[in-house]
Amino acid sequence: MAENSTITICLMAILFITRLASTLGKSRPWTGFLSPRLQTLHFARNLHLEPDAIKSVSSDYGNLVHENPAAVLYPSSIEDITSLIKFSYNNYTPFTVAARGHGHSVGGQAMASNGVVVDMMSLRHHKNGTGITVLKSPSLGFYADVGGEQLWIDILHSTIEHGFAPVSWTDYLYLTVGGTLSNAGISGTTFRYGPQISNVYEMDVVTGKGEVVTCSSRSNSELFYAVLGGLGQFGIITRARIALEPAPKRVKWVRMLYSDFSAFTKDQELLISINGRKQKNALDYLEGSLLMVQGPPNNWRSSFFPSSDIPKIMSLVTQHAIIYCLEAAKNYDDETRHTVDKDLQQLFKGLSFVDGFMFEKDVSYVDFLNRVRSGEEKLHSQGLWDVPHPWLNLFLPKSRISDFNKGVFHDIVLKRNITTGVVLFYPMNRQKWDDKMSAVIPDEDVFYTVGFLHSSGFDDWQAYDQQNKDILKFCDQAGIEIKQYLPLYNSYKEWINHFGSKWRRFRERKAQFDPKMMLSPGQRIFNDI
């Protein structure tokens, strides 16, 4: 009888210990990285630790970096975000927080290893977000108040219903407002209208202290300028007031091919010298790209060239190895449809493109801005969108573009013969940028953006990554003072060099608005401090 009693007690003890171990195992993420007190807060129901939730934010468009957070917040209101950050800030051991938009970063910038990722897109499903509203004021004219979680494609569709639209765009519109404003937001519209960060009147920002601050160039201006181009280091953008102009209806879209690099860049610089916002004879968009023997003239960004012209284009490319493509566009409406062709003829008069190699399209304004979407859908259908993207984006001083052309395009890219994707190359005007903002650009009146937009397989991305490293090494050894756009650095020293004269102010702003260095750890700027 005593033996049975002893056995029963032992079995009960084993069962209790097993259940306790199971309970502890389930709560391990809380006790390991996050305070259990988080479970008692009002937004705890929106904080998810399930494997599917963790996996959904542990990679990005780049598909090169994979890091797991401890939890994912799907906020139903701005208050959820402020409460999370405030809790961490007041905690004895703060955890890191990263805002994630559409996940289009390429190097893990929106990740938070063992911290919390805030899925900003979740706000789109709740009325507590800002949404998209078109308004008018006596001082600003028409503008759009938009949530930081909103996609630019949705802003386009919403504002154009009112006959208005933003003037500064990115090439790809399925990006969030908070994401592009945290970097700069650039495209062929930048030479005339400036980056997207130069077209913002006001923002609401949740700082690293959990405070919601409304800021503009006149109110809380230090935070305003810090956040714009600030790589998410100073706060999470939850609302932005975007400048609007009357929306055109259609676009004349032109591409011209060059065999001579000097003629190509000279013509680009001539065209962007006409850049007044109110100058009716100015282009609205200008970009450039490379066509090379190892890649087709048409690519995922747009199938522009008619199939009937592909053979003669490829013959030209084969003859010269590299052909430079100047891409321009001019918007028009009912009022200007009779004069747009004449304006373009005047602009293109005397340009030095190869005779017989100018191509033109006439498309709707919306179709032009959303031109990358069809390529994306095609790649999705082929299973080629969610692959590694070892991208490299640079800002290059005008004074060194010839050295870059020879040392990089000819001596590295052409000789390696692995680049089959998009290579962008076009100029911008420094005067369209505000130096008070955190974004960093070369210290010359005209500078170029260079984009190596590679796609690769999961087994060969290292070759592209090595080519990127060799390009950076060449620039360093040649003394070409480049600046990375969407920067990726591995050391504190590299970040100091990147920001240059702006570094001291950048560091001071970090101490002021995110003193515990909780925000955007995926940028790896202050992680080693």
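Going along each chain's sequence as written, the residues are numbered from 1 onward. Local features in this predicted model are restricted to residues of pLDDT 70 or higher, and side-chain atom pairs are both shown and tallied only at a pLDDT of 80 or more, whereas totals for entire chains, interfaces and linings draw on every residue. To obtain the side-chain values, all non-hydrogen atoms of the structure were included, while hydrogens and water were left out.

Looking at an unreviewed UniProt entry, the protein carries the name cytokinin dehydrogenase, with the source organism given as Salix koriyanagi. According to UniProt, the comment filed for the protein under the heading Cofactor (unreviewed entry) is "FAD". UniProt positions are given in the numbering used here, feature names are shortened, and annotations may be inferred rather than shown by experiment. Annotation of the protein in UniProt includes, under Sequence similarities (unreviewed entry), the sentence "Belongs to the oxygen-dependent FAD-linked oxidoreductase family."

(A) Representation of the overall build of the protein within the structure. A tally of regular secondary structure across the protein gives 17 helices and 19 strands. For a compact globule the rule gives 2.2 Å times the number of residues to the power 0.38, and the radius of gyration it is set against comes from C-alpha atoms. Its C-alpha atoms give the protein a radius of gyration of 26 Å, near enough to 24 Å, the size a compact globule of 529 residues would have. In terms of overall dimensions, the protein has C-alpha extents of about 105 × 55 × 45 Å along its principal axes. Contacts: residue pairs with any heavy atoms within 4.5 Å of one another. A separation threshold of at least 6 residues defines the contact pool for the protein, and within that pool the share at least 24 residues apart is 76%. To qualify as a helix, a DSSP run of H or I must reach at least 4 residues; to qualify as a strand, a run of E must reach at least 2; elements of each kind are numbered from the N terminus.

(B) Representation of the sheet that holds strand 2 (residues 71-73). Pairs of strands are assigned from DSSP output, requiring at least two bridges between the strands. With mixed pairing, the four strands of this open sheet are ordered in space as 1-2-4-3. Both edges of this open sheet fall to strand 1 (47-48) and strand 3 (97-100), since each of them pairs with a single strand only.

(C) Just the pairing of strand 17 (residues 422-429), in detail. Buried residues are those whose accessible area, probed at 1.4 Å on protein chains only, stays under 20% of the maximum for their type, while exposed residues exceed 50% and partly exposed ones sit between those limits. Summarising burial for strand 17: eight of the eight residues are buried, a large majority. Here strand 17 shows no split at all, with Val422, Leu424, Tyr426 and Met428 on one side and Val423, Phe425, Pro427 and Asn429 on the other all buried. Bridging between strand 17 and strand 18 (residues 446-453) involves eight bridges; their strand directions are antiparallel. Within the sheet, the bridge partner assigned to Met428 lies in strand 18 and is Phe447.

(D) Examining the sheet that holds strand 9 (residues 212-216) more closely. One open sheet accounts for five strands, arranged 5-6-10-8-9; its pairing is antiparallel. The sheet is open, and its two borders are formed by strand 5 (132-137) and strand 9, each paired with just one other strand. Adjacent strand axes in the sheet meet at a mean angle of 20 degrees when their direction is disregarded. In the packing of helix 5 (residues 152-160) onto the sheet, the strands contacted are strand 5, strand 6 (141-147) and strand 10 (235-243), and the crossing angle to strand 5 comes to about 55 degrees. With axes taken as lines fitted to C-alpha atoms, and helix axes fitted only over the stretch in contact, angles between N-to-C directions fall between 0 and 180 degrees.

(E) Inspection of unusual backbone geometry at higher detail. Here Leu231, not a glycine, exhibits a phi torsion of approximately 60 degrees, which is positive. Considering the arrangement of structural elements, one finds Leu231 in the loop between helix 8 (221-227) and strand 10. In this structure, Arg524 is a non-glycine residue whose phi angle is positive, near 60 degrees. With respect to the element layout, Arg524 can be found in the segment after helix 17 (503-513).

(F) Structural context of helix 4 (residues 78-90). The first and last C-alpha atoms of helix 4 sit 18 Å apart over 13 residues, in line with the 18 Å expected at 1.5 Å per residue. Among all positions of helix 4, only Ile78, Asp80, Ile81, Thr82, Ser83, Leu84, Ile85, Phe87 and Ser88 are buried. The secondary structure elements touched by the buried residues of helix 4 are strand 2, strand 3, strand 4 (116-119), strand 8 (200-207), strand 9 and strand 10. In this scheme, a helix's expected span is set at 1.5 Å multiplied by one less than its residue total.

(G) Looking closely at helix 5. Turning to helix 5, its buried residues number three or more, namely Trp152, Ile153, Ile155, Leu156 and Thr159. The buried residues of helix 5 occupy one face: seen down the axis, they fall within an arc of 160 degrees. Considering only its buried residues, helix 5 is in contact with strand 5, strand 6, strand 7 (164-165), helix 6 (177-181), strand 10 and helix 12 (365-369). This arc corresponds to the set of directions leading from the helix axis out to the C-beta atoms.

(H) Geometry of the pattern of salt bridges. A pair is scored as a salt bridge if a Lys or Arg side-chain nitrogen falls within 4 Å of a carboxyl oxygen belonging to Asp or Glu. Taken as a whole and assessed by the stated rule, the structure comprises 31 salt bridges. Across the pair Glu202 and Arg241 runs a salt bridge, and its minimum N-O distance is 3.8 Å. With Glu202 in strand 8 and Arg241 in strand 10, the pair connects residues that are 39 residues apart, well separated along the chain. The residue Asp465 makes a salt bridge to Lys469 at a minimum N-O spacing of 3.4 Å.

(I) Representation of the packing of helix 9 (residues 261-272) against helix 14 (residues 401-416) within the structure. Contact geometry for helix 9 and helix 14: axes closest at 11 Å, N-to-C directions at 140 degrees. Taken together, the axes of helix 9 and helix 14 lie oblique to each other. Relative to helix 14, helix 9 is oriented so that their crossing is right-handed. The residues of helix 14 that touch helix 9, namely those facing Phe261, Thr265 and Glu269, are Ile401, Ser402 and Asn405. Working definition: roughly parallel below 35 degrees, roughly antiparallel above 145 degrees, roughly perpendicular at 65 to 115 degrees, and oblique for all remaining angles. Crossing handedness is read from the near helix: turned anticlockwise from the far helix by less than a right angle, it gives a left-handed crossing, and turned clockwise, a right-handed one.

(J) Summary view of the pairing of strand 18. The element strand 18 is extensively covered by neighbouring structure, given that eight of its eight residues are classed as buried. Side chains Val446, Tyr448, Val450 and Phe452 of strand 18 all project onto a buried face; the interleaved residues Phe447, Thr449, Gly451 and Leu453 project onto the opposite face, where all are buried too. Relative to strand 18, strand 16 (residues 392-397) runs antiparallel, the two being bridged by six bridges. Across the sheet, Pro397 pairs through a bridge with Phe447, a residue of strand 18.

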